[in-house]
Amino acid sequence: FQNYFGKCVWKKNHVYQEFIPSWTGSRDAIPIFKQLLVVLFYVSSQKTLNHIADSFDIVEASEVCCMDRVFHVFLIYLKNKFITWPQRDQRQATIDSFERKAYFPNVLGANDGTHIQNKAPKQHLGTNHSLILQAVCREDMRFAQPCCCR
């Protein structure tokens, strides 16, 4: 995470504007860093929205808004920078690299998948919780086309 996102050069005012809600009601706006922490806690745990909101002293609706804003910024500003197919001028270098590393000629990406078992939350014991991740990766192990579903 730090290797990629720590080195990003963003147009700060433009990206930060995406995090700032247009209407905050009677409460102060949630600081950007806190919004990021809320989202990171959400995606790294299986805690309920209520538990996370209580942990960060915000209401659940604000938590959902934080997630919407942060994921929007990731999708709009970062997805196309880090998850890409090789451009026209990079394709031959990618094909040559695959052939050099794995002895596969004319390969532009490697397809792989996995089934990820998750622990079921207490209220859903007995049910199967899992994710299926399938991705096409480039020769340097960056994603070219990830896909995740239940």
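Residues numbered from 1 in each chain as written. Predicted model: local features only at pLDDT ≥ 70, side-chain atom pairs only at ≥ 80, totals over all residues. Heavy atoms only, no water.

A. Structural context of the packing of helix H4 (residues 49-56) against helix H5 (residues 60-82). One way to put it is that H4 packs onto H5 with a least axis distance of 9 Å and a crossing angle of 95°. Here H4 is positioned roughly perpendicular relative to H5, judged by the angle of their axes. From H4, Leu 49, Asn 50, Ile 52 and Ala 53 reach across to H5, where they touch Glu 60, Glu 63, Val 64 and Met 67. (Axes fitted to C-alpha atoms, helices over the stretch in contact; angles between N-to-C directions. Helix = DSSP H or I, 4+ residues; strand = E, 2+ residues; numbered from the N terminus. Parallel < 35°, antiparallel > 145°, perpendicular 65-115°, else oblique. Contact = heavy atoms within 4.5 Å.)

B. The arrangement of H5 in detail. Over its 23 residues, H5 extends 30 Å from the first C-alpha to the last, a length consistent with the 33 Å expected when each residue adds 1.5 Å. All of the buried residues in H5 are Glu 63, Cys 66, Met 67, Arg 69, Val 70, Val 73, Leu 78 and Phe 82. (Expected span 1.5 Å × (residues − 1). Buried < 20%, exposed > 50% of the residue type's maximum accessible area, 1.4 Å probe, protein only.)

C. Just the pairing of strand S2 (residues 129-137), in detail. Pairing of strand S1 (residues 110-118) with S2, which is carried by nine bridges, proceeds in the antiparallel orientation. From the neighbouring strand, Asp 112 faces S2, where its bridge partner is Ala 135. In this sheet, strand S3 (residues 143-149) lies alongside S2 in antiparallel orientation, the contact comprising six bridges. Residue pairing in the sheet places Gln 134 in a bridge with Cys 147 of S3. Hairpin connection of S2 to S3: five residues between the antiparallel strands, including Met 141 at a positive phi of 70°. (Pairing = 2+ DSSP bridges.)

D. Summary view of the sheet that holds S3. Across the sheet, which stays open at both edges, the three strands sit in the order S1-S2-S3 with antiparallel pairing between neighbours. Two strands in the sheet have a free side with no partner beyond their single neighbour: S1 and S3. For this sheet, the mean angle separating the axes of adjacent strands, direction not counted, is 15°.

E. View of the state of the cysteines. Tallied over the entire structure, the rule returns zero disulfides. Looking at the unpaired Cys 66, the closest cysteine sulfur is the one in Cys 65, lying at 7.2 Å. Cys 66 sits in the buried class, given a relative accessible area of 0%. (Disulfide = S-S within 2.5 Å.)

F. Spotlight on the environment of Trp 85. Within the element layout of this structure, Trp 85 appears in the loop between H5 and helix H6 (91-102). With relative accessibility at 37%, the residue Trp 85 sits in the partly exposed group. When the C-alpha positions of Trp 85 and Phe 143 are compared, they lie 8.3 Å apart, and in sequence the two are 58 residues distant.

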